[in-house]
Amino acid sequence: MASAQTLFEKVWNEHVVVAETADTPAILYIDLHLIHEVTTPQAFNVLREKGLHVRRPDLTLATMDHSTPTTPVTSFKDMAVVVGENAARQVRRMQENCDAFGLELLGFDSDQRGIVHVIGPEQGATQPGKTIVCGDSHTSTHGAFGALAFGIGTTEVGHVLATQCLLQRKARTLALNIDGDLPTGVSSKDLILAIIGQIGVDGGTGHVIEYRGSAISAMDMDSRMTVCNMSIEAGARAGMIAPDDHTFEYLAGRPRVPQGTDWERAVAHWRTLKSDADAVFDKSVSIAADKLQPMVTFGTNPGMVIGVNDPVPDGGGDPSFRKALDYMQISAGKPLTNTEVDVVFVGSCTNSRLSDLQQAAAVVKGKKIAAGVRMLVVPGSQQIKKDAEAIGLDRVFTAAGAEWRESGCSMCLGMNGDTVNSGQLSVSTSNRNFEGRQGIGARTILASPMTAAASALAGRVADPRPFISQGE
Amino acid sequence: MMKPVTRIQSRTVVLPTTDIDTDQLIPARFLTTTSREGLGQFLFHDLRFDANGNADPDFALNQPAADGCGILVAGNNLGCGSSREHAPWALLDYGFKAVISTEIADIFRNNSLKNGLLPVVVDADTLQYLMQNPGISLDIDVTQATLALPDGKTIEFPIDGFARHCLTEGLDQLGYLLQHETRISSFEEARQWKP
Ligand code: SF4
């Protein structure tokens, strides 16, 4: 017990209700359960069948984001017209379940609504040292605050609702050391894409990643969330970053953080949440941040990624690789920079925060997006939408010819009617370029907000750096 | 109460692709359901059917040989991507009882176990053999955690002891958690650090 511990082990140990044995997994206590409309209805059904209640409504926070429209609607009836009967029914069911079980819901008429992984931190519900789960794989986002946060399935959503606990085997640990400064025009999105390219889409399987090093210490919270968000895209169970002054400054004064002397006490505790100097990780990987360039994916998983000016590799005859290039209608040997773009999506829990929107806006400001390109900008929450409008970002985007929307998951997974048409090429700031993710037959290239914005202007995949030096 | 799963005897169908993600297993637009029933029709929907709803005759699941196969053999890193439990629900509803690969993504593997779909991880040589011999009959003994090939060769596969116990007994893990109610309450009270 006295031996050196990693950040993950410290948070894990604080939450063990019953320790794991060879025969049984640990019972782990959950401090914050985030829920949304897609992965909960079947869990509430189980609670009803078994006559159970929600054990800790006070540790449960509900929103709706996946199947909600990004155009303004005022009623469930309106919603059905926009997103379809089934999606509207799901949203209505969420409302009914939250009412029936006494849960706080930031519903579609709430100005605190947004993508579940955006509003947790924004409301201050996400805090260092907490265990946080959600029926959504990108729950790893919250690890940016030094929380142990991971995605669970619907059966487990039921477990947490009923018992506030989960059965868990302890994960292994992977240290990702990132030193050096990110060059101009290169963002944390490019960093995490480069990491996944290096370790592979299964490089983190069974592990919790801790991101550390000078590049991480220098990063603001929005950027850290982008990095942790895509941990799951490397197969990792979770991603974590030790909390520091950036973290505490971000959280200070937010609605759901401790107040007064409790805040002082909390910060003192949070400062202890870092890996001990001699803590041992199961694996470690190093990356030099100053060598990175803007990254773009060329295939159908996030590990198929290259520098924006690098040629697409040929995959050495691997049939899955060839299938991916065929689907993408991309040929090996050339960079993507002449590939024509139909759609640009700036949004998703990866890149829809204010600083992401600012980075995209700085590129398009005073310019027009290329003829024939549809650019959709979807803020991560209603709060971000308001903040962005207060500094005029909505007008920067609409003047450039882009669409400015209400918050939600939108084109990240195309459940709400915002989709890319079959065969169209999309440059997207989201996290998954899987076949059909953004719509049947949609071809997705993942990139940073700057690269996405530059591509919208150019009408083809573009290196954002020339656009940035022209700007200001 | 889940049906106990102790033994699976069935033929295999092979999808050689690596990194089959949950969006391929069941596309997001079918997730607007509020039930877990009847999702088999959407399994691999956009690979099985073209935009006009016509079945692609080349896709393995559409071939007559796939009829009645209860074991899916797939390339490395099966089930990566989202946490949607709709993926194992769809596989089970379609008639699959086990999935085999060299690596199965964490959340998908966990979701599968919770629903009585057996995830089997094998070494690269075994996977290659299974891929080269689609349609063979396998005999999986869950209690022993072994998989027998038609030639009688038996291969052990790793499975968490608790998960196996729940599978073979048909135990509901929620019931197990609820039995620990007193421990949970005393943990809540004794916590030094309360968030
Ligand atoms: S924005 Fe995309 S990845 Fe994030 S929670 Fe929504 S659907 Fe999932």
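Participant: Before we go on, may I ask you to explain the pairing of strand 6 (residues 131-134) of chain A in this structure?
Facilitator: Side-chain direction in a regular strand flips from residue to residue, so the side chains alternate between the two faces of the sheet. Residues and elements named next belong to chain A. Covered by surrounding structure in strand 6 are Thr131 and Val133 together with Ile132 and Cys134, the residues of both alternating faces. When strand 6 meets strand 7 (residues 148-151), the two strands line up parallel, connected through four bridges. Bridge pairing links Cys134 to Gly151 in strand 7.

Participant: I tried to follow empty space enclosed by the protein on my own but got confused; where do I start?
Facilitator: If you roll a probe as big as a water molecule over the atoms, it shows you where there is empty space left. Tallying each qualifying case throughout the model produces five cavities of 30 Å³ or more. If you trace the largest cavity, you find 22 residues lining it, with A:His66, A:Asp136, A:Leu413, A:Arg437 and B:Ser82 closest to the centre. Looking at the lining of the largest cavity residue by residue, the class counts come to seven nonpolar, eleven polar and four charged. Shared between two domains, the lining of the largest cavity takes at least three residues from each, and those domains are domain 1 (7-168) and domain 3 (295-471) of chain A. One number sums up the size of the second largest cavity: a volume of about 140 Å³. Lining the second largest cavity are 17 residues, and of these A:Ile232, A:Gly235, B:Cys80, B:Gly81 and B:Ala105 sit closest to its centre.

Participant: What is the right way to read the site of the ligand from this model?
Facilitator: Residues and elements named next belong to chain A. Close to the ligand lie His66, Ile115, His117, Asp136, His138, Ser348, Cys349, Cys409, Cys412, Leu413, Asn431 and Arg437. A majority-of-atoms criterion places the ligand in the largest cavity. Looking at the shell around the ligand residue by residue, the classes come out as five nonpolar, five polar and two charged. For the shell around the ligand, the domains that each give at least three residues are domain 1 (7-168) and domain 3 (295-471).

Participant: So what exactly am I meant to see when it comes to the packing of helix 13 (residues 354-364) of chain A against helix 16 (residues 449-458) of chain A here?
Facilitator: In helix packing, the relevant descriptors are the interaxial angle and the interaxial distance, both defined with respect to the helix axes. Residue and element names in this part refer to chain A. Two numbers describe how helix 13 lies on helix 16: the axes approach to 8 Å, and their chain directions differ by 30°. One way to sum up the angle between helix 13 and helix 16 is to call them roughly parallel. For the element pair helix 13 and helix 16, the recorded crossing hand is right-handed. When helix 13 is examined against helix 16, the residues Asp356, Gln359, Ala360, Val363 and Val364 are found in contact with a partner set consisting of Pro449, Met450, Ala453, Ala454 and Leu457.

Participant: Please explain the layout of surface pockets as it appears in this structure.
Facilitator: Empty space within the second largest pocket amounts to approximately 790 Å³. A:Arg169, B:Asp106, B:Arg109, B:Leu113 and B:Asp160 are, among the 27 residues lining the second largest pocket, the residues nearest its centre. Looking at the lining of the second largest pocket, the element that brings in the most residues is helix 4 (residues 106-114) of chain B, giving five residues. Class assignment for the residues of the lining of the second largest pocket results in eleven nonpolar, six polar and ten charged. Shared between two domains, the lining of the second largest pocket holds at least three residues of each, these being domain 1 (7-168) and domain 2 (172-242 + 269-291) of chain A.

Participant: Is there a simple way to think about the interface of chain A and chain B in this case?
Facilitator: Much of the literature gives interface size as the accessible area that the parts lose upon coming together. Opposite the 63 residues of chain A that make contact, chain B presents 54 residues. The largest per-residue losses of area from chain A upon contact with chain B belong to A:Gln42, A:Arg55 and A:Leu167, which jointly make up 11% of the total buried on that side. Our count for the chain A to chain B interface comes out at eight salt bridges. The shortest N-O distance in the salt bridge between B:Glu188 and A:Arg55 comes to 2.7 Å. Viewed at the interface, chain B and chain A are joined by 26 residue pairs in polar contact (both at pLDDT 80 or more). Across the side of chain A that touches chain B, the residue classes break down as 24 nonpolar, 21 polar and 18 charged.

Participant: It is not clear to me how the packing of aromatic side chains should be interpreted in this structure. Could you clarify?
Facilitator: In this description, a pair of aromatic rings is defined by centroid distance and the angle of the planes. Residues and elements named next belong to chain A. Applying the stated criterion to the full structure yields twelve aromatic pairs over all chains. Connected via pairs of aromatic rings, a cluster forms that spans Phe248, Trp263 and Trp270. The ring of Tyr250 carries the charged tip of Arg254 above its face, separated from the ring centre by 3.9 Å.

Participant: Would you take a moment to explain the pattern of salt bridges for this structure?
Facilitator: Two side chains carrying opposite charge are able to pair once their charged atoms lie near each other. Taken as a whole, this structure holds 30 salt bridges over all chains when the rule is applied. Residue A:Asp276 pairs with A:Lys10 through a salt bridge whose shortest N-O separation is 2.9 Å. With A:Asp276 in the loop between helix 11 (260-270) and strand 12 (283-288) and A:Lys10 in helix 1 (residues 7-13), the pair connects residues that are 266 residues apart, well separated along the chain. Overall, A:Asp276 belongs to the partly exposed group, its relative accessible area being 27%. The class for A:Lys10 is buried, based on a relative accessible area of 15%. Salt bridges here are not isolated pairs; linked through shared partners, they connect A:Arg55, A:Arg56, A:Asp58, B:Glu181 and B:Glu188.

Participant: Looking at this structure, how should I read the nonpolar core?
Facilitator: A general feature of soluble globular proteins is that nonpolar side chains tend to end up buried together. Counting residues in hydrophobic clusters, the biggest one holds 85 residues, and the most contacted among them are A:Leu148, A:Phe150, A:Ile178, A:Leu191, A:Ile195, A:Tyr211 and A:Trp270. Top contributing element to this core by residue count: helix 7 (residues 188-199) of chain A, with seven residues. Ignoring sequence-local partners within four residues, the contact set of A:Ile195 consists of A:Leu176, A:Ile178, A:Gly200, A:Tyr211 and A:Ile287. Judged by nonpolar contacts, the second largest core, of 84 residues, contains A:Leu357, A:Leu393, A:Ala402 and B:Ala66.

About the cut-offs
Residues numbered from 1 in each chain as written. Chains lettered and ligands numbered in written order. Predicted model: local features only at pLDDT ≥ 70, side-chain atom pairs only at ≥ 80, totals over all residues. Heavy atoms only, no water. Buried < 20%, exposed > 50% of the residue type's maximum accessible area, 1.4 Å probe, protein only. Helix = DSSP H or I, 4+ residues; strand = E, 2+ residues; numbered from the N terminus. Pairing = 2+ DSSP bridges. 1 Å grid on protein atoms, 1.4 Å probe; cavity = no way out; pocket = protein on both sides within 12 Å on 5 of 7 lines; lining within 4 Å. Points joined across faces, edges and corners; volume = space filled by probe spheres on them. Nonpolar A, V, L, I, M, F, W, Y, C, P; charged D, E, K, R; others polar. Domains from an automatic or database assignment. Near = heavy atom within 4 Å. Sits in = over half its atoms within 2 Å of the grid points. Axes fitted to C-alpha atoms, helices over the stretch in contact; angles between N-to-C directions. Parallel < 35°, antiparallel > 145°, perpendicular 65-115°, else oblique. Left-handed = near helix turned anticlockwise from the far one by under 90°. Contact = heavy atoms within 4.5 Å. Buried area = accessible area lost by both parts, 1.4 Å probe. Salt bridge = Lys/Arg side-chain N within 4 Å of Asp/Glu carboxyl O. Polar contact = N/O pair within 3.5 Å; in protein donor to acceptor, adjacent residues only side chain to side chain. Phe/Tyr/Trp six-rings, centres within 6.5 Å; stacked < 30°, edge-to-face > 60°. Lys NZ or Arg CZ within 6 Å of the ring centre and 35° of its normal. Core = buried A, V, L, I, M, F, W, Y, C linked by side-chain atoms within 4.5 Å.

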